[in-house]
Amino acid sequence: MKSSQPTHILIVEDEHSHAILMRRAFEEMPDQFQVVITSTLTEAREEIARKLPDLVLVDLCLPDGRGLELLEGADDKLLFPAVVMTSYGNEVTAVESLKPG
């Protein structure tokens, strides 16, 4: 049975226009998705502490660190699925992004 709660998606992106573009992908189904946008790791951590997201879309390079830091759980368990995005990636970055699971 499908939950009546919308899927909670956290977008962590410091480029405002990119964040708005990602949010648009979910706007046609507002009853199915709740989208929250943050622009720093600090804001993202605060949002995660308030409510654990069902999915995180995170930019690799943020003003206060690397998006991969959100994937580092205290007990090495990823608490939510994540998609890491970057314009500056390479094979090393891809492998680094996959390691947390």
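In what follows, the accompanying structure is described.

So, how was this worked out
Residues numbered from 1 in each chain as written. Predicted model: local features only at pLDDT ≥ 70, side-chain atom pairs only at ≥ 80, totals over all residues. Heavy atoms only, no water. Pairing = 2+ DSSP bridges. Helix = DSSP H or I, 4+ residues; strand = E, 2+ residues; numbered from the N terminus. Right-handed = clockwise from strand over helix to strand, strands pointing away. Buried < 20%, exposed > 50% of the residue type's maximum accessible area, 1.4 Å probe, protein only. Lys, Arg positive; Asp, Glu negative; His and termini not counted. Salt bridge = Lys/Arg side-chain N within 4 Å of Asp/Glu carboxyl O. Polar contact = N/O pair within 3.5 Å; in protein donor to acceptor, adjacent residues only side chain to side chain. Contact = heavy atoms within 4.5 Å.

**Remarks on the pairing of strand 2 (residues 33-38)**
Piece 1. Pairing of strand 1 (residues 7-12) with strand 2 involves six bridges; the strand directions are parallel. Directly across from His8, in strand 2, lies its bridge partner Gln34.
Piece 2. For the handedness criterion, the β-α-β arrangement of strand 1, helix 1 (residues 16-24) and strand 2 is classed as right-handed.

**Description of the side chain of Glu13**
Piece 1. Position of Glu13 among the secondary structure elements: in the loop between strand 1 and helix 1.
Piece 2. Buried and unpaired, Glu13 has Arg23 as its nearest opposite-charge partner, separated by 13 Å.
Piece 3. A polar atom in the side chain of Glu13 sits 2.9 Å from the backbone nitrogen of Glu15.
Piece 4. Filtering out sequence-adjacent residues up to four positions away, Glu13 remains in contact with His18, Ala19, Met22, Thr38, Ser39, Asp59 and Leu62.

**Side note on the environment of Thr40**
Piece 1. By secondary structure assignment, the location of Thr40 is in the loop between strand 2 and helix 2 (41-50).
Piece 2. Overall, Thr40 belongs to the buried group, its relative accessible area being 17%.
Piece 3. Those residues in contact with Thr40, other than ones at most four positions away along the chain, are Val12, Pro63 and Asp64.
Piece 4. Only 3.0 Å separates the side chain of Thr40 from the backbone nitrogen of Glu43, close enough to count as a polar contact.

**Some points on the side chain of Glu47**
Piece 1. Topologically, Glu47 is positioned in helix 2.
Piece 2. Residue Glu47 is classed as buried on the basis of its relative accessible area, which comes to 10%.
Piece 3. With residues up to four places along the chain from it excluded, the contact list for Glu47 reads His8, Leu10, Val36 and Thr38.

**What about the pattern of salt bridges?**
When the charged atoms of two side chains lie near each other, side chains of opposite charge can form a pair.
Piece 1. With the rule as written, the count across this model stands at three salt bridges.
Piece 2. Two residues, Glu69 and Arg45, come together in a salt bridge whose shortest N-O distance is 3.3 Å. On the criterion of sequence distance, the pair formed by Glu69 in the loop between strand 5 (65-66) and strand 6 (82-85) and Arg45 in helix 2 is long-range, its members being 24 residues apart.
Piece 3. For Arg45, a relative accessible area of 38% corresponds to the partly exposed category.
Piece 4. We note a salt bridge from Arg50 to Glu47, for which the minimum N-O separation is 3.2 Å. Note that Arg50 and Glu47 are positioned in helix 2 at a spacing of three residues, about one turn of the helix.

What is shown is where atoms sit, not what they do.
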